[in-house]
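Architecture and fold: a report
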Amino acid sequence: NAGVTQTPKFRVLKTGQSMTLLCAQDMNHEYMYWYRQDPGMGLRLIHYSVGEGTTAKGEVPDGYNVSRLKKQNFLLGLESAAPSQTSVYFCASSLGGSGANVLTFGAGSRLTVL
Amino acid sequence: GQSLEQPSEVTAVEGAIVQINCTYQTSGFYGLSWYQQHDGGAPTFLSYNALDGLEETGRFSSFLSRSDSYGYLLLQELQMKDSASYFCALGSQGNLIFGKGTKLSVKP
């Protein structure tokens, strides 16, 4: 039972480079989320998806794009990385509906943009 | 929009009881959740209140009052392993918005 798996776990980018973070869940959850966590800022929602083929903006969506082509995968893309995007990124999933409040998180991906 | 406020830090001694408060502003939500996160780890679900009142799960209890826009997490019989950050979160319209977290330090 893998739960939620994020790849890569660590990445260093130069300003202007692009990259994609991959999130995979094996729990057949409908909802998936991407959060970023910065010191003193808690968890801030970037984008989320309430089902395959759907995405929606969260609190801090600028500079990021997402895709949910398959139910089990949720991709987070940075087209042109900036130092302000240095953060720890967490993917999460939930059953949805009334179970939407119970999120299962991945281990996190630490991204540094130089 | 939605916003949540919780204390940034709380310190307590082993064996004691500690309450972490959460006040919020929202136009509507399904429920209030609590998550625990140890340093370097991922957040994990602790408790959820869909209705007003107290929910108890072992040493942890959570309370919600919609009329007061207020909730709290109560930790009893504190143990050293309870040292972590605790987040309250509002669930609505398919997403979950988190507070900035309360860092709990448990001293011997």
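Before going into details, it helps to say that this report is about the structure given with it. Position numbers for residues count from 1 along each chain, tracking the sequence in the order it is written. Here every chain gets a letter starting at A, and every ligand a number starting at 1, in the order they are written. Only residues with pLDDT of at least 70 get local features here, since the model is predicted, and only at 80 or more are side-chain atom pairs given and counted; chain-wide, interface and lining totals rely on the full set of residues. Neither water nor hydrogens contribute to the side-chain values; these are computed over all heavy atoms in the structure.

Any carboxyl oxygen of Asp or Glu within 4 Å of a side-chain nitrogen of Lys or Arg constitutes a salt bridge here. Summed over all chains, the structure comprises five salt bridges over all chains. Its salt-bridge partner being Asp 82 of chain B, residue Arg 59 of chain B comes within 2.8 Å of it at the nearest N-O pair. Here Arg 59 of chain B is found in the loop between β6 (53-57) and β7 (60-65), whereas its partner Asp 82 of chain B is found in the loop between β8 (70-75) and β9 (84-92), with 23 residues between them in sequence. Within this structure, Arg 36, Asp 38 and Arg 44 of chain A form a network of salt bridges that share partners. Labels follow the DSSP assignment, with helices taken as runs of H or I lasting at least four residues and strands as runs of E lasting at least two, numbered in each case from the N terminus.

Turning our attention to the interface of chain B and chain A. Whether two residues touch is decided by their heavy atoms; if any such pair falls within 4.5 Å, the residues are in contact. Listed per partner, the contact involves 21 residues of chain B and 20 residues of chain A. Under the rule applied, a polar contact is a pair of N or O atoms within 3.5 Å (in protein, one hydrogen donor and one hydrogen acceptor; residues adjacent in sequence only if both atoms are side-chain atoms). Linking chain B to chain A there are four residue pairs in polar contact (both at pLDDT 80 or more). Of all the elements in the fold, those that place two or more residues in the side of chain B that touches chain A are β4 (31-37), β5 (44-49), β9 and β10 (95-98) of chain B. Each residue belonging to the side of chain B that touches chain A can be placed in one class, and the counts come to eleven nonpolar, nine polar and one charged. For this classification, the nonpolar set comprises Ala, Val, Leu, Ile, Met, Phe, Trp, Tyr, Cys and Pro, the charged set comprises Asp, Glu, Lys and Arg, and every other residue, Gly included, is treated as polar.

Along the chain, the position of Gln 85 of chain A falls in the loop between β8 (73-78) and β9 (87-94). Those residues within four positions of Gln 85 of chain A in sequence are excluded, and the remaining contacts are Arg 36, Asp 62, Gly 63, Tyr 64, Leu 78, Ser 80, Leu 111 and Val 113 of chain A.

Along the polypeptide, Tyr 35 of chain A turns up in strand β4 (residues 31-38). Of the residues examined, Tyr 35 of chain A reaches a relative accessible area of 0% and is grouped as buried. Between the C-alpha atoms of Tyr 35 of chain A and Lys 70 of chain A, which are 35 residues apart in sequence, the distance is 19 Å. With sequence-adjacent residues up to four places away left out, Tyr 35 of chain A is seen in contact with Leu 43, Arg 44, Leu 45, Ile 46, Val 88, Tyr 89, Phe 90, Leu 103 and Phe 105 of chain A together with Leu 96 and Phe 98 of chain B. At a separation of 2.5 Å, a polar atom in the side chain of Tyr 35 of chain A contacts the main-chain carbonyl oxygen of Leu 96 of chain B. Each residue is placed in one exposure class: buried if its accessible area under a 1.4 Å probe, protein chains only, is under 20% of its type's maximum, exposed if it is over 50%, and partly exposed if it falls in between.

We now examine the state of the cysteines. Residues and elements named next belong to chain A. Defined by distance alone, a disulfide is two cysteine sulfur atoms within 2.5 Å. Taken as a whole, this structure holds two disulfides over all chains when the rule is applied. Sulfur-sulfur distance for the disulfide between Cys 23 and Cys 91 comes to 1.9 Å. Handedness of the Cys 23-Cys 91 disulfide follows from its S-S torsion of about -75°: it is left-handed. Placement of Cys 23 in strand β3 (residues 19-25) and of Cys 91 in strand β9 is noted, with a sequence separation of 68 residues between them.

With an omega of -5°, the peptide bond running from Thr 7 of chain A to Pro 8 of chain A counts as cis. Here the phi dihedral of Asn 28 of chain A falls at roughly 60°; this positive angle occurs in a residue that is not glycine. With respect to the helices and strands, Asn 28 of chain A occurs in the loop between β3 and β4. A relative accessible area of 55% places Asn 28 of chain A in the exposed class. Its identity as a non-glycine residue notwithstanding, Glu 77 of chain B has a phi of 45°, on the positive side. Here Glu 77 of chain B lies in the loop between β8 and β9.

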